[in-house]
Number of protein chains: 2
Amino acid sequence: MIRFESPKVTADVVLFSIYNDNLQMLLVKRKNPPFRGQWALPGGFLERKESLLAAARRELFEETGVRHLYLEQLYTFGDPGRDPRGRVVTVAYFALVPSPLSVSAGSDAREAKWWPAGGLPKLAFDHKRIIECALTRLRAKLEYTNVAWSLLPKKFALTDLQKVYELVSGKELDKRNFRKKILSLGLLRPLKERRTGAHQRPARLYAFKTKKKVELKRFFK
Amino acid sequence: MIRFESPKVTADVVLFSIYNDNLQMLLVKRKNPPFRGQWALPGGFLERKESLLAAARRELFEETGVRHLYLEQLYTFGDPGRDPRGRVVTVAYFALVPSPLSVSAGSDAREAKWWPAGGLPKLAFDHKRIIECALTRLRAKLEYTNVAWSLLPKKFALTDLQKVYELVSGKELDKRNFRKKILSLGLLRPLKERRTGAHQRPARLYAFKTKKKVELKRFFK
DNA sequence: ATCTTTATTGTATAATCAACACTATATGAA
DNA sequence: TTCATATAGTGTTGATTATACAATAAAGAT
């Protein structure tokens, strides 16, 4: 029934974060051919007795040192010819970490770097397509789930949350309507604490009541 | 970099249709071990130089003779131990065909049969889980896309469309509100034709203006 | 005090959703 | 030809939700 040597299977991860007023993505520089020296998604081959999710988690940890994050399967890419070494089927994952995140310390020696979603370098393999797929998914999930909240730290101001929505969707939102809607969901707990900055009124901080995934009614517009 | 013999990759398909007042799914009886004689999803190993989508399409055609249908990637299952023969990664697809569909003529000699979603037999491998995943996807997509329309023939009455929504979602819908909403989308073209039945007023038939996938606002409730 | 910067709050209008019941038109039987 | 039956078709009202829009509050720096 098996008609040829099996494809190789990899797990690759599209990791998003927000800092510097930008939606950013983590890429690593390839140290081996093919595409040596080019930027690519972190990822690698599935190990024996390892689930796909575990492989994604392991690869990400090796590159970034990050262990706890939002991680879900994105899509599987398996067109013949997408890897010059031979048949490779890639199960892509989609991940979110709160900003700010220092990512320098990968145990893997590869260079890892955050890139703004708007200004990515030339990418190895079909990784451009995978990233487009991830961006589409992120924007879509923003509308009907609370995943975007994984991009924030434990304590945050409502303005921060609004910023996440604006940066990901690329649309400006009305502050009053945003706050009304978010608060009406009843998923945020206001904290005693405030955050103060230079020359401004201090902002009240909030925390999520739950870390669980929630399905919302379609969100904005 | 490759540490062990590669996993095998299969494409399996969860095919839905509606007839007999039921949401039905196509299963095939396995003629070889493992799970010989048990029911399973149609599918099989990826061929050389064949894309994942092409593999799903080919497997489905071999089992059912169906060529034109709605087909999208569902999810990839790769836990170690899900196939007793060894490591197998399955890319599952999700398919819809209009009813009624005669499916008897698979070129493959395997027995194929439609089963109502509510009364499935014991299934081989982890196919029960895959089917649950597909049902969840179908119900979700019903709410914010027009995919469910792939379950109808070219010409249909509004009652038929409502029936699709009711059978998939398991909820009864108000006839007046349903018709208002569907027609307000402007995606249906009323035909001259009517369909007549015994002892009843004839129903006007409609057709979809487009076959393309459309993203809708969240649909019912 | 005053200036600067960001935080916070409410209202009026429009659009959408949800609940609800009767009339219309065909067939077949009396 | 009338009647019974079965499904098709149609509007209104009240509730909820979405949108548009601008002034005041609190802190730090000078």
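Figured I'd write up the structure that's included with this text. Predicted, not measured: the structure shown is a model, and the values here were computed from it.

## Some points on the protein's contact with DNA strand D
- Neighbouring DNA strand D are 21 residues; A:H199, B:R179, B:K180, B:H199 and B:R204 lie closest to it.
- Protein-proximal atoms of DNA strand D, defined as those within 4 Å of the protein, fall in sugar or phosphate at a share of 42%.
- B:K175 places a side-chain nitrogen or oxygen 3.4 Å from a base nitrogen of DNA strand D.
- Residue B:R204 places a main-chain N or O atom 2.7 Å away from a phosphate oxygen belonging to DNA strand D.

## Focus on the side chain of A:E72
- If you trace the backbone, A:E72 turns up in strand 5 (residues 70–77).
- With sequence-adjacent residues up to four places away left out, A:E72 is seen in contact with A:Y93, A:F94, A:R137, A:K141 and A:K213.

## Side note on the packing of aromatic side chains
- Enumeration over the complete set of coordinates arrives at 19 aromatic pairs over all chains.
- Geometrically, the ring pair formed by A:W149 and A:F208 is stacked, given 4.4 Å between the ring centres and 10 degrees between the ring planes. With A:W149 in the loop between helix 2 (127–144) and strand 8 (156–157) and A:F208 in strand 10 (residues 203–208), the pair connects residues that are 59 residues apart, well separated along the chain. One exposure class covers both A:W149 and A:F208, and it is buried.
- Considering the side-chain rings of B:Y165 and B:F178, the 5.7 Å spacing of their centres and the 65 degrees angle between planes classify their relative orientation as edge-to-face. You can see B:Y165 sitting in helix 3 (residues 158–169) and its partner B:F178 sitting in helix 4 (residues 175–184), a full 13 residues away along the chain. Assigned by exposure class, B:Y165 and B:F178 land together as buried.
- Within the aromatic cluster, the residues linked to one another by ring pairs are A:F16, A:Y70 and A:F94.
- Taking the ring centre of A:F61 as reference, the NZ or CZ of A:R67 above it sits at 3.8 Å.

## Some words on the protein's contact with DNA strand C
- Lining the immediate environment of DNA strand C, one finds 22 residues, of which A:K175, A:R179, A:K180, A:H199 and B:H199 sit closest.
- For DNA strand C, the fraction of atoms within 4 Å of the protein that belong to sugar or phosphate moieties is 45%.
- For DNA strand C, a phosphate oxygen lies 2.3 Å from a polar atom in the side chain of A:R179.
- Elements with a contribution of two residues or more to the surface near DNA strand C: helix 4 (175–184) and strand 10 of chain A together with helix 4 of chain B.
- Classifying every residue of the surface near DNA strand C gives three nonpolar, seven polar and 12 charged.

## Looking at the pattern of salt bridges
Residue and element names in this part refer to chain B.
- Applying the stated criterion across every chain yields a total of 32 salt bridges over all chains.
- In this structure, the salt-bridge partner of D174 is R176, at a minimum N-O distance of 3.8 Å.
- Classification of D174 as partly exposed rests on a relative accessible area of 34%.

## So, the relation of the copies chain B and chain A
- If you rotate chain B by 180 degrees and push it 0.0 Å along the axis, it lands on chain A with an RMSD of 0.0 Å. Such a combination of rotation and displacement between the chain copies is what one expects of a two-fold axis.
- Looking at the interface residues of chain B, 97% of them are also at the interface in chain A, so both copies use one shared face.

## Re the interface of chain B and chain A
- On the chain A side, the residues contacting the 32 residues of chain B number 32 residues.
- The junction of chain B with chain A conceals about 2800 Å² of combined surface from both sides, 61% of it contributed by carbon and sulfur atoms.
- Counting across the chain B and chain A interface gives zero salt bridges.
- Applying the counting criterion to the chain B and chain A interface returns five residue pairs in polar contact (both at pLDDT 80 or more).
- When residues of the side of chain B that touches chain A are assigned to their parent elements, the largest contribution, four residues, is made by strand 5 (residues 70–77) of chain B.
- Among the residues forming the side of chain B that touches chain A, the class breakdown is 15 nonpolar, five polar and 12 charged.

Rules of the game
Residues numbered from 1 in each chain as written. Chains lettered and ligands numbered in written order. Predicted model: local features only at pLDDT ≥ 70, side-chain atom pairs only at ≥ 80, totals over all residues. Heavy atoms only, no water. Near = heavy atom within 4 Å. Polar contact = N/O pair within 3.5 Å; in protein donor to acceptor, adjacent residues only side chain to side chain. Helix = DSSP H or I, 4+ residues; strand = E, 2+ residues; numbered from the N terminus. Contact = heavy atoms within 4.5 Å. Phe/Tyr/Trp six-rings, centres within 6.5 Å; stacked < 30°, edge-to-face > 60°. Buried < 20%, exposed > 50% of the residue type's maximum accessible area, 1.4 Å probe, protein only. Lys NZ or Arg CZ within 6 Å of the ring centre and 35° of its normal. Nonpolar A, V, L, I, M, F, W, Y, C, P; charged D, E, K, R; others polar. Salt bridge = Lys/Arg side-chain N within 4 Å of Asp/Glu carboxyl O. Least-squares fit on C-alpha atoms with pLDDT ≥ 70 in both. Buried area = accessible area lost by both parts, 1.4 Å probe.

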